[in-house]
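Observations on the model geometry
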Amino acid sequence: QVQLVESGGGLVQPGGSLRLSCAASGSIFSIYAMGWYRQAPGKQRELVAAIASGGSTNYADSVKGRFTISRDNAKNMMYLQMNSLKPEDTTVYYCNADIRLIDSSHAYNYWGQGTQVTVSS
């Protein structure tokens with residue numbers, strides 16, 4: 001059993017910053033790719049940023065230069081530092097990860113429950 005739990009969302013003014021965290025727990029053998037996604041009402045879920053186990057990253061064009069993804073493999077944690085936030089960044093943000101459990105030979109994809117980010121004055 002694996003849980004991904006996001007935290008750090010909230011209300012912030014335009015131009016402000018937030019730091020999201022994602023904590024993975026359970027009988028984890030290894031975590032491979034991790035990512036942050038977001039989904040606005042009526043729209044498809046979209047990739048915001050992703051990070052490989054080795055640290056390579058990629059970002060959606062809309063957040064490049066403003067958001068930074070990072071991870072702490074020793075703590076099974078992932079972060080998203082969001083700066084220069086805009087009203088259009090308002091939505092629910094989800095943590096995603098490919099995780100191999102201790103008693104499994106395969107990795108499976110897991111989602112967190114989401115955390116709301118609202119950018120408004």
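Shown above is the structure to which this text applies.
This write-up is about the structure you can find in this document. Only a predicted model underlies this, so the values are computations on that prediction, with no experimental measurement involved. Numbering of residues starts from 1 in every chain and runs along the sequence as written. For this predicted model, a pLDDT threshold of at least 70 governs which residues receive local features, and a threshold of 80 or more governs which side-chain atom pairs are given and counted, while totals over whole chains, interfaces and linings are taken from all residues. As a rule here, side-chain values come from all non-hydrogen atoms in the structure, and water together with hydrogens is ignored.

1. Some words on the packing of aromatic side chains
Only the six-membered ring of Trp is used, alongside the rings of Phe and Tyr, when aromatic pairs are assigned; centres must lie within 6.5 Å, and planes under 30 degrees apart are stacked while those over 60 apart are edge-to-face, with the rest tilted. This structure, assessed with the given rule, holds two aromatic pairs. Summarising the aromatic geometry, the rings of tyrosine 37 and tryptophan 111 are spaced 4.9 Å apart at their centres and angled 65° between planes, so their arrangement reads as edge-to-face. Placement of the pair is tyrosine 37 in strand β4 (residues 28-39) and tryptophan 111 in strand β10 (residues 107-111), with a sequence separation of 74 residues. Centre to centre, the rings of tyrosine 94 and tryptophan 111 are 6.5 Å apart; their planes meet at 85°, and the pair counts as edge-to-face. Residue tyrosine 94 is found in strand β9 (residues 91-101), and its partner tryptophan 111 is found in strand β10; the two are separated by 17 residues along the sequence. Three labels apply to residues, based on accessible area from a 1.4 Å probe with only protein chains included: buried if under 20% of the type maximum, exposed if over 50%, partly exposed otherwise in between. Classification of tyrosine 94 as buried rests on a relative accessible area of 14%. Taken together, the ring pairs connect Tyr37, Tyr94 and Trp111 into an aromatic cluster. Only when the NZ atom of a Lys or the CZ atom of an Arg is both within 6 Å of the ring centre and within 35 degrees of the ring normal do we say a charge sits over the ring. When the ring centre of tyrosine 79 is taken as reference, the NZ or CZ atom of arginine 19 above it lies at 4.0 Å. Secondary structure is summarised from DSSP: a helix means a run of H or I of at least four residues, a strand means a run of E of at least two, and numbering begins at the N terminus for each.

2. Some details on the pattern of salt bridges
What makes a salt bridge here is a side-chain nitrogen of Lys or Arg within 4 Å of a carboxyl oxygen of Asp or Glu, nothing more. On inspection of all chains with the given rule, the structure shows four salt bridges. Among the salt bridges present, the one from aspartate 89 reaches arginine 38, with a minimum N-O distance of 3.0 Å. With aspartate 89 in the loop between β8 (77-82) and β9 and arginine 38 in strand β4, this pair connects stretches of sequence that are 51 residues apart. Classification of aspartate 89 as buried rests on a relative accessible area of 1%. Of the charged contacts in the structure, one is a salt bridge between aspartate 89 and arginine 66, with a shortest N-O distance of 2.8 Å. Separated by 23 residues along the polypeptide, aspartate 89 in the loop between β8 and β9 and arginine 66 in the loop between β6 (57-59) and β7 (67-72) bring together distant segments of the chain. Here the two residues aspartate 89 and arginine 66 agree in accessibility, since each one is buried. Members of the salt-bridge network, linked through shared partners, are Arg38, Glu46, Arg66 and Asp89.

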